[in-house]
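# Structural characterization, general
Listed here are the chains, written in short residue letters.
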Amino acid sequence: MSEEKRWPLSVRDISNGKENNPVSFVNELDDEQLPIFTYTAQNVAGEGAADEDFTTTYEGCACKSTKCDSTCPCITRFGENYSAEGTLLLTCHKKPVVECNLLCTCPLNCTNRVVQKGLQYGLQVFKTREKGFGVRTLHFVPKSHFVCEYAGEVISLEEAKKRIPTIMSMDCNYIFVLKEHVKKGEILHTVIDPTYTGNVGRFINHSCSPNLLMVPVRTHCVLPQLCLFSSRDIYPMEELCYNYSSSNLEGQQCIRESRDLIINRKPCYCNSSTCEAVLPTDPFLFN
Ligand SMILES: C[S@@+](CC[C@H](N)C(=O)[O-])C[C@H]1O[C@@H](n2cnc3c(N)ncnc32)[C@H](O)[C@@H]1O
């Protein structure tokens, strides 16, 4: 990689205006710079992604008010997702979360549109002591608020398996496989790889006592977006973390496929009193 292509040690906005709040970067520990990658605020179609995944197939509502309620066909069909303040309802841990979409006539500030409004808090990528880069919030984030998405290239499982040898040779792995138990015995896989094209989510580390929860949310198309919500109040300058292996949804299990070596598992440096000592791992992609 040539020198002029590297990021400097402090950047005002690594998204270069692609997010509606800047994502800054600082390294106050050493002279390691960010890896080169293409910033995208939304998922992009990669090798093996299906065109239908990116097409709006949900019917739109004809509501005009900013509060789509029980009379809105989107709410009748998929249930309520958010409070009037935009917090994720507890019921969303047990059902699919589907927002109003491009075909709906309700305004963009409708209460059933949260994830699609994008970043609401200032986030900062920084160099941690033992986990490479990480992400912290610059603002107070109240519990149950949307923080950011884990966005990147959408690829097929076959393509993910092809990328494994390269991934194994890297310090950090980023491929995330979401498994949703859609019908009895039927599992839907969604694979996101933000290694080469991704957003701020690619820098979020694992913790055994996390402050974020990953929830699949559908906005305009059937492809789920991997959305991170605060699982408690988070204070300015706290590092943001989620549990890479958490199953947060009953009936829609959400599992991170660790790309870490199976035999030689990586030590976990989350510093939690309930730390499990090693990063979660799942041999699924390696079979
Ligand atoms: C999705 S990346 C997270 C961002 C990464 N730290 C970086 O510098 O780009 C996942 C990788 O971060 C590191 N990591 C994440 N959480 C960690 C933890 N709790 N302890 C040690 N390393 C961690 C591991 O190398 C893991 O493969």
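All values reported here derive from a predicted model rather than from experimental measurement.

### Focus on the overall build of the chain
Looking only at helices and strands, the chain has two helices and 15 strands in total. Residues counted as buried form 36% of the 287 residues belonging to the chain. Contacts spanning at least 24 positions in sequence make up 69% of the contacts within the chain whose residues lie at least 6 apart.

### Here's the deal with the environment of tyrosine 150
If you trace the backbone, tyrosine 150 turns up in the loop between β8 (146-149) and β9 (152-155). Spatially, the C-alpha atoms of tyrosine 150 and cysteine 100 are 20 Å apart, while their sequence positions differ by 50 residues. Excluding anything up to four places from it in sequence, tyrosine 150 contacts Phe176, Ile192, Pro194, Gly201, Leu226 and Leu228.

### Focus on the site of the ligand
Neighbouring residues of the ligand: 19 residues in total, closest Gly132, Phe133, Cys172, Asn205 and His206. For the shell around the ligand, the secondary-structure elements that each account for two or more residues are β7 (133-137) and β12 (205-206). Its residues assigned to classes, the shell around the ligand comprises eight nonpolar, six polar and five charged.

### Regarding the nonpolar core
Val147, Leu212, Val215, Cys227, Leu228 and Phe229 are the most contacted members of the largest nonpolar core, which totals 50 residues. Considering every element that reaches this core, the biggest residue donor is strand β13 (residues 212-218), with five residues. Aside from chain neighbours lying at most four places away, what touches leucine 228 is Val147, Cys148, Tyr150, Gly201, Leu212, Met214 and Tyr242. Counting residues in each nonpolar core, the second largest holds ten residues, with Cys61, Cys72, Cys74 and Cys110 among its members.

### A short note on unusual backbone geometry
Positioned with a positive phi, asparagine 16 is a non-glycine residue whose angle comes to about 55°. Among the secondary structure elements, asparagine 16 is positioned in the loop between β1 (10-11) and β2 (23-26). Note on asparagine 16: 11 C-beta atoms within 10 Å, which makes it exposed. Its identity as a non-glycine residue notwithstanding, asparagine 271 has a phi of 70°, on the positive side. With respect to the element layout, asparagine 271 can be found in the segment after β15 (239-242). Residue asparagine 271 is classed as partly exposed on the basis of its 13 C-beta neighbours within 10 Å.

### Let's talk about the pairing of β9
Relative to β9, strand β4 (residues 44-45) is paired through two bridges, and the arrangement is parallel. Among the inter-strand pairings, alanine 45 is bridged to a residue of β9, identified as valine 154. Of the pairings in the sheet, the one linking β9 to strand β11 (residues 186-198) comprises four bridges and is antiparallel in character. Residue isoleucine 155 lies in a different strand from β11, and its bridge partner there is valine 191.

### A word on the UniProt feature "domain: SET" (unreviewed entry) in the chain
Under the UniProt annotation, the feature "domain: SET" (unreviewed entry) is placed at residues 121-245. Note that residues 121-245 is 10% helix and 46% strand, and that its end C-alpha atoms are spaced 25 Å apart.

### A short note on the confidence of the model for the chain
Counting all residues, the mean pLDDT for the chain is 88, and 88% of those residues have values of 70 or more. Within the model, pLDDT remains below 50 along residues 248-264, and this stretch shows 55 contacts once partners closer than five positions in the same chain are excluded. If you check the scores for this complex, the pTM reads 0.91 and the ipTM reads 1.00.

### Regarding the pairing of β11
Looking at chain direction, strand β3 (residues 38-39) and β11 are connected through two bridges and run parallel. The residue bridging tyrosine 39 from the neighbouring strand is glycine 198, located in β11. Of the strand pairs in this sheet, strand β10 (residues 176-183) and β11 are connected by seven bridges, and their pairing is antiparallel. Residue pairing across strands places lysine 179 opposite histidine 189, the latter belonging to β11. Counted between consecutive antiparallel strands, the loop separating β10 from β11 contains two residues, among which glycine 185 sits at a positive phi close to 80°.

### Quick word on the environment of phenylalanine 54
Here phenylalanine 54 is to be found in the loop between β4 and α1 (73-78). Given 16 C-beta atoms within a 10 Å radius, phenylalanine 54 is considered partly exposed. For the pair formed by phenylalanine 54 and glutamate 186, sequence separation is 132 residues and the distance between their alpha carbons is 21 Å.

Conventions and cut-offs
- Here the residue numbers are simple positions, counted from 1 along each chain's written sequence.
- With the structure being a predicted model, the display of local features is reserved for residues of pLDDT at least 70 and the display and counting of side-chain atom pairs for 80 or more, all residues being used for whole-chain, interface and lining totals.
- In this description a helix means any DSSP run of H or I spanning at least four residues, a strand means any run of E spanning at least two, and both kinds are numbered starting from the N terminus.
- The exposure label follows from counting other C-beta atoms within 10 Å of a residue's C-beta, where the C-beta atoms are placed from the backbone and the thresholds are 20 or more for buried and 12 or fewer for exposed, leaving partly exposed in between.
- The contact criterion used is a C-beta to C-beta distance within 7 Å, with each C-beta placed from the backbone.
- In this entry, near means the residue's backbone-placed C-beta atom lies within 6 Å of the molecule or strand.
- The residue classification treats Ala, Val, Leu, Ile, Met, Phe, Trp, Tyr, Cys and Pro as nonpolar and Asp, Glu, Lys and Arg as charged. All others, Gly included, are polar.
- The term nonpolar core means buried Ala, Val, Leu, Ile, Met, Phe, Trp, Tyr and Cys residues held together as one set by C-beta atoms within 7 Å.
- Pairs of strands are assigned from DSSP output, requiring at least two bridges between the strands.
- UniProt positions are given in the numbering used here, feature names are shortened, and annotations may be inferred rather than shown by experiment.
- A residue's pLDDT is simply how confident the predictor is in it, with values from 0 to 100.

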